[in-house]
Amino acid sequence: MNQEKEIKFLTAEIDRLKNFGCLGVSASLEGLREENAKLKYRLNVLKKSLQEERNRGQPSKGMININSRLQDIFGAAIKAAYPDLENPPLAVTPSQQPKFGDYQCNSAMSITQMLLKTKEQKISPREIADKIARNIPDNECIEKVEIAGPGFINVHLKKDFVSRQLSSLLVNGVQPPAIGERKRVVVDFSSPNIAKEMHVGHLRSTIIGDSMCRLFEFVGYDVLRLNHLGDWGTQFGMLIAHLQDKFPDYLTVSPPIGDLQAFYKESKRRFDTEEEFKKRAYQCVVLLQSKNPEFIKAWKLICDVSRQEFQKIYDCLDISLVERGESYYQDMMPDIVKELEEKGVVQLDDGRKIVFVPGCSIPLTIVKSDGGFTYDTSDLAAIKQRLLEEKADSIIYVVDSGQSVHLQTIFAAAQMVGWYDPQVTRVVHAPFGVVLGEDKKKFKTRSGDTVRLIDLLEEGLKRSMDKLKEKERDKVLTPEELKAAQTSVAFGCIKYSDLSHNRINDYIFSFDKMLDDRGNTAAYLLYAFTRIRSIARLASIDEKTLQTAARTTEIILDHEKEWKLGRCILRFPEIIQKILDDLLLHTLCDYLYELATTFTEFYDSCYCVEKDRQTGKIVKVNMWRMLLCEATAAVMAKGFDILGIKPVQKM
């Protein structure tokens, strides 16, 4: 029976059972409810599977989110056991200790409280847990359940179910779990200012934003990676005036601006000290905003010099972005002001046009007293364009915590004027803390200047090479392999050090800690990955042999360490779903570290390749264990890819 026919059959059966209940047929009402819940569970599983196939245009090859599947099962069991409870609590989590099974359902205690409050029924959690357990529908993943303590339901998974999922992973690759319809996601990140160098403060937005985009792309979303450059505003007046003085033939000869940061500082000093220059700078702003061709060319020249410097950093970190600076929204701003005026939300204040947003303490200034627009105006134009023209289902602003009040006001204003409904469209600020030095103060150079990002990356390359030579890797790797390892370790460690901390908190930047190959660091994980990849290579097992084995060899999970590793590998979809919900990437880092340490336990206890002790020759290859090695490496590789880290085969 194909899925669509089975869905029709199950729907008819559910309707038939409803009629039995309504007609008062002499059948146990309890039994009818139980049967109904089981049919509904099967129906929901089929519908999800069919929807996923339609979204992808082919039969599903995605990994199963076991936690989500168990929630469906226990949701159906609770509904059958307590059909009159509205929105009963549902809590399923991985077990922390093997003696408590593989997962736990901890809903019984909460249901006890709920029944007491809503029905005035006093029932013990253990009794409730027992009733839930008796109503669990037939399913493919649960071997048995046990009631423990005051009412915990310990869940033991079927070994053949876990084995099949691991085989599917090896045959189909690491595929995303079913996550519903394809979404259009806009991520605003990096966003440096023209004529200023990228510094360590831009590092977090760039790394976190890129990793979020990689995650969304992995699950199949349509992602727009936006770089909201600071490429417009009054500072360009002084830059253009200084350009005219220093390079008067800039219209015909490209000016050799080598150090744009020094150029910016010179123009700022003149703006602050020379009254005549200051007046001319203001005139340049007016001419630029009126789109005078000569001034537009000067502006473009300055932007191009900055872009080239930014691109060096993006190339190092393997970051791709679509540039849409503040200038992109300039022509939209008059219409924004007009729309807000027509909706009656604009007030005049000392010549300024301001908008008070309900629930926000500081008003938005949309027109200055001199008639110019502001950051508030451009941010309103940007959010409207992203919502209405880009038709975004989600917009994520990866911006430092200091912008929180401003962005919440922009979001509230957009809701107030009806540009989006937060129940339909997800618009969120993903804030992050500051980078601290080892003295726990803002990360600065010894002279007190902000650390240039390019200097930081070059220092990372130097230190990673020193570390590799200290371990004498230069004696066993070719020059090309050594260079690849240097780049992988340097940029991988910088990214991982950031992403492995909860982004909401400040974090301490330390090359010594991030290059340490012990503990939860990229250095440790990259070394672990290359070791896992080398197991098959040293056993002379090629990729084709592994692919054939994945289709023909059953993965045995009899040893406790095999079982622990198999379950850990299959938690990957749960981790992905959690990060999609809360946008906290350190969860993935913690998981990869757990996976690597779990693998080490497995490898120390279970022989993958057995050798003759005298000759060292391979006597036996335990292929199912080689497949566990391969599955571990495949999930780690996908995790690295989401984090923007490039592992190497040899290190």
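Residues numbered from 1 in each chain as written. Predicted model: local features only at pLDDT ≥ 70, side-chain atom pairs only at ≥ 80, totals over all residues. Heavy atoms only, no water.

### A word on the nonpolar core
Inference 1: Counting residues in each nonpolar core, the largest one holds 168 residues, and the members touching the most others are Leu70, Leu203, Phe216, Phe509 and Phe572.
Inference 2: In contact with leucine 203, not counting residues within four places along its chain, are Leu317, Leu453, Leu456, Ile494, Asp498, Tyr507 and Phe509.
Inference 3: In terms of nonpolar packing, the next biggest core, distinct from the first, is built from 34 residues, Leu226, Tyr329, Leu387 and Tyr420 among them. (Core = buried A, V, L, I, M, F, W, Y, C linked by side-chain atoms within 4.5 Å. Buried < 20%, exposed > 50% of the residue type's maximum accessible area, 1.4 Å probe, protein only. Contact = heavy atoms within 4.5 Å.)

### Some details on the pattern of salt bridges
Inference 1: Per the stated rule, a full pass over the model turns up 45 salt bridges.
Inference 2: For the salt bridge of aspartate 318 with arginine 214, the shortest nitrogen-to-oxygen distance reads 3.3 Å. Taken as a pair, aspartate 318 in the loop between helix 11 (293-317) and strand 7 (322-323) and arginine 214 in helix 7 (residues 200-218) lie far apart in primary sequence, 104 residues in all.
Inference 3: For aspartate 318, a relative accessible area of 36% corresponds to the partly exposed category.
Inference 4: Lysine 638 is the salt-bridge partner of aspartate 641, the closest N and O atoms lying 3.7 Å from each other. In this pair, aspartate 641 and lysine 638 are both assigned in helix 23 (residues 623-643), 3 residues apart and thus about one turn of the helix distant.
Inference 5: Each of the salt bridges in this network shares a partner with another, and the network as a whole consists of Asp210, Arg214, Glu217, Arg225, Asp318, Lys638, Asp641 and Lys646. (Salt bridge = Lys/Arg side-chain N within 4 Å of Asp/Glu carboxyl O. Helix = DSSP H or I, 4+ residues; strand = E, 2+ residues; numbered from the N terminus.)

### With respect to the domain arrangement of the protein
Inference 1: Parsing the protein into structural domains produces domain 1 (59-157), domain 2 (234-323) and domain 3 (460-643).
Inference 2: Here domain 2 and domain 3 have C-alpha centroids that lie 46 Å from each other. (Domains from an automatic or database assignment.)

### Let's talk about the pairing of strand 3 (residues 142-148)
Inference 1: As paired elements, strand 3 and strand 4 (residues 152-157) share 6 bridges and run antiparallel to each other. In the sheet register, isoleucine 142 faces strand 4, and the bridge partner there is leucine 157.
Inference 2: Where strand 3 hands over to strand 4, the hairpin turn is made up of 3 residues, of which glycine 149 adopts a positive phi near 55°. (Pairing = 2+ DSSP bridges.)

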